[in-house]
Amino acid sequence: MADNIARVLADAVASDPTRPLLTWYDDATGERTELSGATCANWVAKTANLLVDGLGLGPGDAAGVLLPPHWQTAAVLLGCWSAGLTVADTPGDVDVLFAGAGRLAEADGWSAGDRYALALDPFALPMRQVPAGFADFVSEVRTHGDHFTPYAGPGPEDAELLARAAARATELELTPGARVLIDVDRYPDPVDWLLAPLAARASTVLVANPDPAHLPARAETERATLTL
């Protein structure tokens, strides 16, 4: 396995950039969003370029991420790791903060001067009203380039995260080419729903607020080979 997260993503996409890499469902809203490997990589590149070219950040800097499992959260996390940032999970000093609309009140515990709000709209539409002190992530990220060249070496968190991802891929019995349906309410850790499948070169069907009555048909429709 590659020694950095950006290369793990690239390897997962390389075999067929057009195949679905991440499919998102929310049974509470009825939404479904499908990202091919190429589309996912595009969002990640734009996020990394926002951080590096837009904010001047890179290795040694930190991001706070107050976001639930979501396809846009995948873009934010992978963009941060591709740019060499560490991702903090407890309030404190960070250089940039990404917050979902439902968690803006928690932002006071973070010191970041640059703050981005995410509505997590299924069609990635801009926010109609941007909260004071924040920029709209979708509006800002779309102005940045579609390609990003990651740093050659691993980021400061990559070794630990990839070791955890490899271990979880083994525990969850993820295999190359598998299509894994994941209840993200049960598996909210991004190591489980994002990094472990990428490390195993598996694609995912992520489901929030799952309706148990829909899961068997959905697994069949999505050609899932494993359900978690």
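Our structure is the block above this text.
These lines cover the structure that appears in this document, whether it is placed above or below.

Thresholds, definitions, all that
Residues numbered from 1 in each chain as written. Predicted model: local features only at pLDDT ≥ 70, side-chain atom pairs only at ≥ 80, totals over all residues. Heavy atoms only, no water. Salt bridge = Lys/Arg side-chain N within 4 Å of Asp/Glu carboxyl O. Helix = DSSP H or I, 4+ residues; strand = E, 2+ residues; numbered from the N terminus. Buried < 20%, exposed > 50% of the residue type's maximum accessible area, 1.4 Å probe, protein only. Phe/Tyr/Trp six-rings, centres within 6.5 Å; stacked < 30°, edge-to-face > 60°. Pairing = 2+ DSSP bridges. Contact = heavy atoms within 4.5 Å. Axes fitted to C-alpha atoms, helices over the stretch in contact; angles between N-to-C directions.

1. Notes on the pattern of salt bridges
For the structure shown, the criterion picks out eleven salt bridges. Note that Glu171 and Arg168 form a salt bridge whose closest N and O atoms lie 2.6 Å from each other. With Glu171 and Arg168 both in helix α5 (residues 158-171), this residue pair falls three residues apart, about one helical turn. Several salt bridges converge on common partners, so that one network encompasses Arg32, Glu34, Arg179 and Glu222.

2. Points about unusual backbone geometry
Of note in the backbone geometry, Arg201 takes a positive phi value of approximately 60° without being a glycine. By the element assignment, Arg201 lies in the loop between α6 (190-200) and β9 (203-208). Phi at Asn209 takes a positive value of approximately 50°, unusual for a residue other than glycine. Considering the arrangement of structural elements, one finds Asn209 in the loop between β9 and α7 (215-221). Judged by relative accessible area, which is 39%, Asn209 ranks as partly exposed.

3. A short note on the packing of aromatic side chains
If you walk through the whole model with that rule in mind, you get three aromatic pairs. Centroid distance Phe98 to Phe137: 5.8 Å. Interplanar angle 85°. Geometry classified as edge-to-face. Here the residue Phe98 occupies a position in strand β5 (residues 96-100), and Phe137 occupies one in helix α4 (residues 137-141), the gap between them amounting to 39 residues. What links up through ring pairs into an aromatic cluster is the set Phe98, Tyr116 and Phe137.

4. Section: the sheet that holds strand β2 (residues 31-36)
What the five strands build is an open sheet, ordered β2-β1-β9-β8-β10; its pairing is mixed. The sheet is open, and its two borders are formed by β2 and β10 (226-227), each paired with just one other strand. Here helix α2 (residues 37-54) sits on the sheet in contact with β1 (20-26) and β2, set at roughly 90° to β2.

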